[in-house]
Amino acid sequence: MKSRMLTVKDAASKPLVSFNGCSSVFPNQQCMEADELVIEACGGGGGNGCNALWDKTTSIVSIPSALAQGKDDNPTDPELIETACYTLLAEDYMRTKYENDEIFWDSYNVQPSWTYFGAHNGLFRKLPGTVDEECGNYDPRLRPWFVAASSGPKDVVLVLDVSGSMSDYGRMDLAKEAAITVIKTLTISDRVAVIAFSDYAYQVHSDSGTDLLVRATNENKKLLIDSIQNLTDGGATNFHAGFQLAFDSLERTIEQEYTSGCNVAILFMTDGVRTAGPEIDEVLSLINDSTQRLATLYNRDTKIFTFSLGSQADRLATKEIACSTNGIWTPVDDFDGDLVGAMASYYKLFALGLGDDTEFTAWVEPYEFFWTKKMGTTNSAPVFDRSVDPPLFLGVVASDVHMDAFEQVLGENAQSS
């Protein structure tokens with residue numbers, strides 16, 4: 001196999017090598033046990049060769065396929081290349097940590113899992129090094145462990161335009177994909193609701209009858225995703241109705257103490273102009289009054305993120321709505337825009353608020369790991385460059401723990417504890 005590596009040189013002309021997780025041959029690779037990882041392409045799974053290869057002394061780098069624009073799937077963006085270089089400096093620490101983890105977990109007859117870093121620009125570095133089964137499919141920025149550590153607990157309300165014009169250019173399918181991606185990034189520390197609007201607004205329920213934000217458990221997220229997939233388009237475009245229901249749901253949730261108690265984000269997506277309900281001035285008045293009420297009565301700061309999809313969207317109004325709460329407005333083209341990436345990046349504004357907190361960490365609800373397909377959880381923390389003011393968000397560092405490891409320590413089913 002041809003080894004593909006990103007190679008640069010430091011000031012002393014010493015080569016710095018980052019191994020590509022898609023296709024590299026590692027310097028100290030060895031076969032994994034069948035209970036650790038099985039890759040069918042390696043001949044594993046039936047005793048017919050090596051289950052999978054890994055290198056406990058070497059980290060690997062991967063990037064989403066959209067960013068792999070250079071030769072041998074390397075990045076061309078100078079910032080990504082720089083990120084590959086400076087994160088390589090963490091390899092010695094990652095290697096030492098893994099060696100210490102092996103000593104600790106050996107008494108429980110458990111193999112430690114990966115330690116890794118996900119950068120704000122999409123680069124991912126992990127140790128031990130393993131070859132990915134599929135190249136370019138993993139984006140750390142869309143994983144719950146990343147969003148949880150970079151934004152903290154939050155109340156999130158998605159307000160989605162489902163008017164008749166959403167049938168144009170595949171916008172409805174794109175909006176569903178973007179909303180589902182946002183839902184998947186949430187963790188058990190978050191609360192979430194989805195509002196659909198056209199002539200009127202209604203809440204897309206995670207369970208029957210609720211008019212509150214719900215905890216973003218795996219079960220609730222699945223129910224919401226199923227409901228989003230069943231949305232249909234039709235009718236006019238009533239901005240006021242969408243925002244009114246969003247703020248009503250938020251206030252009821254806070255009043256009944258079902259809230260996360262932290263950040264509040266409203267993600268508003270539309271492809272058109274207001275064609276029903278009160279005028280834009282009244283919409284802005286509603287937003288101003290509602291955000292002030294949440295701030296005065298409950299000490300909650302609300303940010304609105306607006307997304308104008310397509311050339312027909314009222315960009316002036318959506319921009320003004322976002323700016324009225326110090327949020328972010330993002331225009332998205334029908335043909336070459338990235339609504340999914342734009343909507344899933346809202347958390348970056350909240351990352352600024354964690355820059356001075358040197359002790360914040362996040363745990364996520366047990367989930368199926370991307371590589372091993374085993375159940376586990378992740379402990380993660382944001383990484384900042386604190387040599388500048390305000391601190392600059394660089395990414396998230398994290399470490400996995402398989403649930404069977406917890407069970408060995410606790411002596412019982414960890415997921416029932």
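Above this text is the structure in question.
Undergrad: Would you mind going over the packing of helix α4 (residues 171-185) against helix α5 (residues 218-229) in detail, with residue names and values included?
TA: At a closest axis distance of 10 Å, the pairing of α4 and α5 adopts a crossing angle of 175°. In terms of axis orientation, α4 runs roughly antiparallel to α5. Touching Lys176, Ala179, Ile180, Ile183 and Lys184 of α4 are Lys221, Leu224, Ile225, Ile228 and Gln229, all from α5. Residue composition of the contact of α4 with α5, by class: six nonpolar, one polar and three charged.

Undergrad: Got a sec to walk through the pattern of salt bridges? Specific residues and values, please.
TA: Taken as a whole, this structure holds 13 salt bridges when the rule is applied. Arg141 is paired through a salt bridge with Asp139; the nearest N and O atoms lie 2.8 Å apart. When its relative accessible area of 18% is taken as the criterion, Arg141 is described as buried. Measuring nitrogen to oxygen at the nearest pair gives 3.2 Å for the salt bridge that ties Glu279 to Arg274.

Undergrad: Run through the pairing of strand β9 (residues 154-161), naming residues and quoting values.
TA: Extensive coverage of β9 is indicated by the burial of eight of its eight residues. Side chains of β9 alternate between two faces, with Lys154, Val156, Leu158 and Leu160 and Asp155, Val157, Val159 and Asp161 buried alike. Bridging between β9 and strand β13 (residues 263-270) involves seven bridges; their strand directions are parallel. Within β13, the residue paired with Asp155 across the bridge is Val264.

Undergrad: Tell me what's going on with the environment of Ile280, and back it up with residues and numbers.
TA: Looking at where Ile280 falls in the secondary structure, it is placed in helix α7 (residues 280-298). A residue is classified by how much of its surface remains accessible, and Ile280, at 17% relative accessible area, is buried. Residues Ile280 and His240, spaced 40 residues apart in sequence, show a C-alpha to C-alpha distance of 8.0 Å. Other than its neighbours up to four places away in sequence, Ile280 contacts Phe239, Arg274 and Ala317.

Undergrad: Mind laying out the sheet that holds strand β8 (residues 129-130), listing which residues take part and the relevant values?
TA: An order of β3-β4-β8 is seen for the three strands of this open sheet, with the pairing classed as antiparallel. Looking at which strands have only one partner, the edges of the open sheet turn out to be β3 (30-31) and β8. In this structure, β3 lies alongside strand β4 (residues 53-55), joined through two bridges in antiparallel fashion. Along β4, the bridge assignment pairs Gln30 with Trp54.

Undergrad: Now, about the packing of α7 against helix α8 (residues 315-323): what can you tell me, with residues and values included?
TA: Relative to each other, α7 and α8 sit at 15°, their axes nearing to 10 Å. The angle between α7 and α8 places the two elements in the roughly parallel class. In terms of crossing hand, the pair formed by α7 and α8 is right-handed. Residues Ile280, Val283, Leu284 and Ile287 of α7 form the contact with α8, whose participating residues are Ala317, Glu320 and Ile321. Along the lines of polarity and charge, the residues of the contact of α7 with α8 split into six nonpolar, no polar and one charged.

Here is what the cut-offs are and how they apply
- Residues numbered from 1 in each chain as written.
- Predicted model: local features only at pLDDT ≥ 70, side-chain atom pairs only at ≥ 80, totals over all residues.
- Heavy atoms only, no water.
- Axes fitted to C-alpha atoms, helices over the stretch in contact; angles between N-to-C directions.
- Helix = DSSP H or I, 4+ residues; strand = E, 2+ residues; numbered from the N terminus.
- Parallel < 35°, antiparallel > 145°, perpendicular 65-115°, else oblique.
- Contact = heavy atoms within 4.5 Å.
- Nonpolar A, V, L, I, M, F, W, Y, C, P; charged D, E, K, R; others polar.
- Salt bridge = Lys/Arg side-chain N within 4 Å of Asp/Glu carboxyl O.
- Buried < 20%, exposed > 50% of the residue type's maximum accessible area, 1.4 Å probe, protein only.
- Pairing = 2+ DSSP bridges.
- Left-handed = near helix turned anticlockwise from the far one by under 90°.

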